[in-house]
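Letter by letter, the chains look like this.
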Amino acid sequence: MKQCDVLVLGLGAAGSAATYQLAKRGVKVVGLDSFAPPHDQGSSHGDSRITRLAIGEGVAYSPLAMRSHQIWRDMERETGADLMRQTGGLIMTSPGKTSVLPVDNFFSTTVAAAKVHGIAHEILDAREIARRFPAFNVREDEVAYYEQEAGYLKPENCLRTQLALAEKYGAELRTGEKVLGFEPSAHGVRVTTEHQVYEAGKLIAAAGAWMPQLIGARYAKLFTVRRQVLFWFAVNGPIEPFLPDNFPIYIWELQGPERGIYGFPSSGNAGDGVKVATHGFGPVTTPDTIDRTVNADEAAEMHAEYVAPYLPTLDRRCIKAVVCMYTVLPGDRFLIDVLPESDRIIVASPCSGHGFKHSAAIGEALAEMVTAGKTRLDLSPFRFSEFGI
Ligand SMILES: Cc1cc2nc3c(=O)[nH]c(=O)nc-3n(C[C@H](O)[C@H](O)[C@H](O)COP(=O)(O)OP(=O)(O)OC[C@H]3O[C@@H](n4cnc5c(N)ncnc54)[C@H](O)[C@@H]3O)c2cc1C
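Residues numbered from 1 in each chain as written. Predicted model: local features only at pLDDT ≥ 70, side-chain atom pairs only at ≥ 80, totals over all residues. Heavy atoms only, no water.

Concerning the domain arrangement of the protein chain
Once the domains are mapped, the protein chain shows domain 1 (2-46 + 155-221 + 331-387) and domain 2 (86-151 + 224-328). On a C-alpha basis, the centres of domain 1 and domain 2 stand 30 Å from each other. Each partner contributes to the interface: domain 1 provides 17 residues, whereas domain 2 provides 17 residues. Of the residues that constitute the side of domain 1 that touches domain 2, the class distribution is four nonpolar, 11 polar and two charged. (Domains from an automatic or database assignment. Contact = heavy atoms within 4.5 Å. Nonpolar A, V, L, I, M, F, W, Y, C, P; charged D, E, K, R; others polar.)

Focus on the site of the ligand
The full set close to the ligand counts 35 residues, and Asp-33, His-39, Ser-44, Ile-50 and Cys-324 are the nearest of them. Here an oxygen atom of the ligand and a side-chain polar atom of Lys-357 are 2.8 Å apart. Bound to the protein, the ligand loses 98% of the 1000 Å² it would expose on its own. Put simply, the parts of the chain that give the shell around the ligand at least two residues each are helix H1 (13-24), strand E3 (49-51), strand E13 (224-235) and strand E17 (314-328). Looking at the shell around the ligand element by element, the count peaks at three residues for E17. Partitioned by chemical class, the residues of the shell around the ligand number 18 nonpolar, 12 polar and five charged. Residues from two domains meet in the shell around the ligand; each of domain 1 (2-46 + 155-221 + 331-387) and domain 2 (86-151 + 224-328) gives at least three. (Near = heavy atom within 4 Å. Polar contact = N/O pair within 3.5 Å; in protein donor to acceptor, adjacent residues only side chain to side chain. Areas by Shrake-Rupley, 256 points an atom, 1.4 Å probe, with all protein chains shown as cover. Helix = DSSP H or I, 4+ residues; strand = E, 2+ residues; numbered from the N terminus.)

Remarks on unusual backbone geometry
Residues apart from glycine generally show negative phi values, whereas peptide bonds are mostly found in trans. In the segment running from Pro-37 into Pro-38, the intervening peptide bond is cis, with an omega of 0 degrees. Mapped onto the elements, Pro-38 comes out in the loop between strand E2 (29-33) and E3. The phi dihedral of Ser-352 falls on the positive side, at around 45 degrees, and the residue is not glycine. Structurally, Ser-352 can be placed in the loop between strand E19 (342-349) and helix H9 (359-372).

A few points about the pairing of E19
Most of E19 is tucked away: six of the eight residues are buried. Looking at chain direction, strand E12 (residues 197-205) and E19 are connected through three bridges and run parallel. Paired with Ala-205 across the bridge in E19 is Val-347. The turn joining strand E18 (residues 335-339) and E19, which pair antiparallel and follow one another in sequence, is formed by two residues. (Buried < 20%, exposed > 50% of the residue type's maximum accessible area, 1.4 Å probe, protein only. Pairing = 2+ DSSP bridges.)

What to know about the environment of Glu-341
On the secondary structure map, Glu-341 appears in the loop between E18 and E19. Sequence separation between Glu-341 and Glu-183 is 158 residues, and the spatial gap between their C-alpha atoms is 10.0 Å. In this view, Glu-341 contacts Arg-218 and Tyr-219; residues no more than four positions away in its chain are not counted.

Details of the pairing of E18
Looking along a regular strand, one sees the side chains alternate between the two faces of the sheet. Most of E18 is tucked away: four of the five residues are buried. Two strands pair when backbone bridges link them, and E18 and E19 are joined in this way by five bridges, in the antiparallel orientation. Within E19, the residue paired with Leu-339 across the bridge is Ser-342.

Observations regarding the packing of H1 against H9
Between H1 and H9, whose axes approach to 7 Å, the crossing angle comes to 50 degrees. Between H1 and H9, the interaxial angle falls into the category oblique. With respect to the hand of their crossing, H1 and H9 are arranged in right-handed fashion. Contacts between H1 and H9 involve Ala-13, Ala-14, Ala-17, Ala-18, Gln-21 and Leu-22 from the first element and Ser-359, Ala-360, Gly-363, Glu-364, Leu-366, Ala-367, Val-370 and Thr-371 from the second. Class assignment of the residues belonging to the contact of H1 with H9 gives a composition of nine nonpolar, four polar and one charged. (Axes fitted to C-alpha atoms, helices over the stretch in contact; angles between N-to-C directions. Parallel < 35°, antiparallel > 145°, perpendicular 65-115°, else oblique. Left-handed = near helix turned anticlockwise from the far one by under 90°.)

A closer look at the pattern of salt bridges
Taken as a whole and judged by the stated rule, the model has 21 salt bridges. Note that Glu-76 is salt-bridged to Arg-73, the shortest N-O span being 2.5 Å. Taken as a pair, Glu-76 and Arg-73 lie in helix H2 (residues 62-79) at a separation of three residues, close to a single helical turn. Assessed through its relative accessible area of 14%, Glu-76 is described here as buried. Take Arg-73: its relative accessible area is 24%, and that puts it in the partly exposed class. A salt bridge links Glu-199 to Arg-190, with the shortest nitrogen-to-oxygen separation between them at 3.3 Å. Overall, Arg-190 belongs to the partly exposed group, its relative accessible area being 30%. Where salt bridges share partners, they join Lys-2, Glu-172, Arg-174 and Glu-177 into one cluster. (Salt bridge = Lys/Arg side-chain N within 4 Å of Asp/Glu carboxyl O.)

Listed below in structure tokens is the structure:
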């Protein structure tokens with residue numbers, strides 16, 4: 001039986017951040033993953049993730065995003081890695097919107113969060129949006145919240161860098177090793193994998209979309225796993241309006257369709273296309289049964305309904321499409337807490353489709369939970385009790 005102070009189950013966004021932060025604090029930590037992160041089987045792949053400081057999902061999230069920005073920049077300074085690009089970000093809405101985002105009042109909560117946390121922003125009318133960002137086909141009654149510090153993270157680079165730093169500080173990483181189950185034991189937590197049994201002082205379970213399979217029936221019902229697709233469309237015309245210096249990240253409550261969209265600037269290479277996706281409401285699935293292929297009809301429908309009317313210079317030619325999973329909790333919240341049965345098992349499920357931007361600070365908070373029993377940032381909105389448990 002192998003012994004360690006802490007075992008981290010899952011080395012995706014949350015687990016790689018926690019493993020790095022624990023190792024940096026001198027904790028004897030083992031990180032396990034079924035695959036070799038960064039990989040494309042979970043929730044942390046696809047080139048880019050939006051980051052923004054004023055969070056429409058709730059005012060309580062902003063301190064996590066703000067602290068994460070500091071950590072990503074510290075990691076860049078330490079390693080030279082390219083993790084975050086601050087392009088500015090638009091949240092667009094209108095009285096005539098028909099599309100809904102997974103949470104209500106996204107726009108007004110964003111503005112409220114900016115005011116509460118002193119986040120610099122501007123409110124732009126349609127004319128000003130069109131003047132600054134001509135690639136968007138905005139309607140007269142549309143308005144935007146514009147945040148200069150918003151932008152995007154490179155998720156694969158973030159995971160790679162956190163795992164490299166974790167190893168540098170002494171973590172043991174074991175990839176290609178699937179955890180079969182875990183249970184409280186006399187001295188901590190017994191974790192059984194395909195290869196061996198571990199006796200850990202504490203366990204951080206950060207299994208993403210696999211969490212419902214591992215956590216037991218009482219809690220599994222809290223999670224819904226959804227299939228989401230990311231599309232990259234070719235640019236029909238000059239690439240300049242989509243370059244990161246000219247084009248922000250955006251989330252847009254549209255007039256016409258049912259769902260909202262979000263997207264990113266071009267990578268700078270015209271051949272890569274420009275990434276656009278709809279937010280939330282993909283079909284319910286599981287990691288074992290999900291359809292990971294995207295057929296031509298799906299891309300054509302996406303372009304016709306969600307792209308052509310709003311970004312008219314994006315061509316119907318789909319260069320790439322990738323399938324990913326949202327692990328959604330009620331209210332689009334996160335769950336980060338000790339298991340009610342055992343304070344040695346910490347569950348970390350920060351997804352609901354918006355967790356990446358917060359993951360660096362969540363990793364730090366998980367390490368503080370283990371080493372100090374409390375966290376500097378307030379994680380009380382993410383407790384089991386918030387879900388009636
Ligand atoms: C399409 C899409 C777009 C998104 N866009 C944004 C965005 O723009 N901005 C933003 O902030 N967030 C965004 N998110 C959310 C964000 O990406 C997730 O919140 C985050 O990646 C979740 O990280 P995680 O660590 O919980 O899961 P993952 O990164 O999936 O990690 C879980 C890990 O656990 C491992 N694992 C599972 N079971 C086992 C087992 N039994 N044994 C060993 N290992 C196991 C898996 O292999 C995996 O590596 C998006 C998500 C998706 C899917």
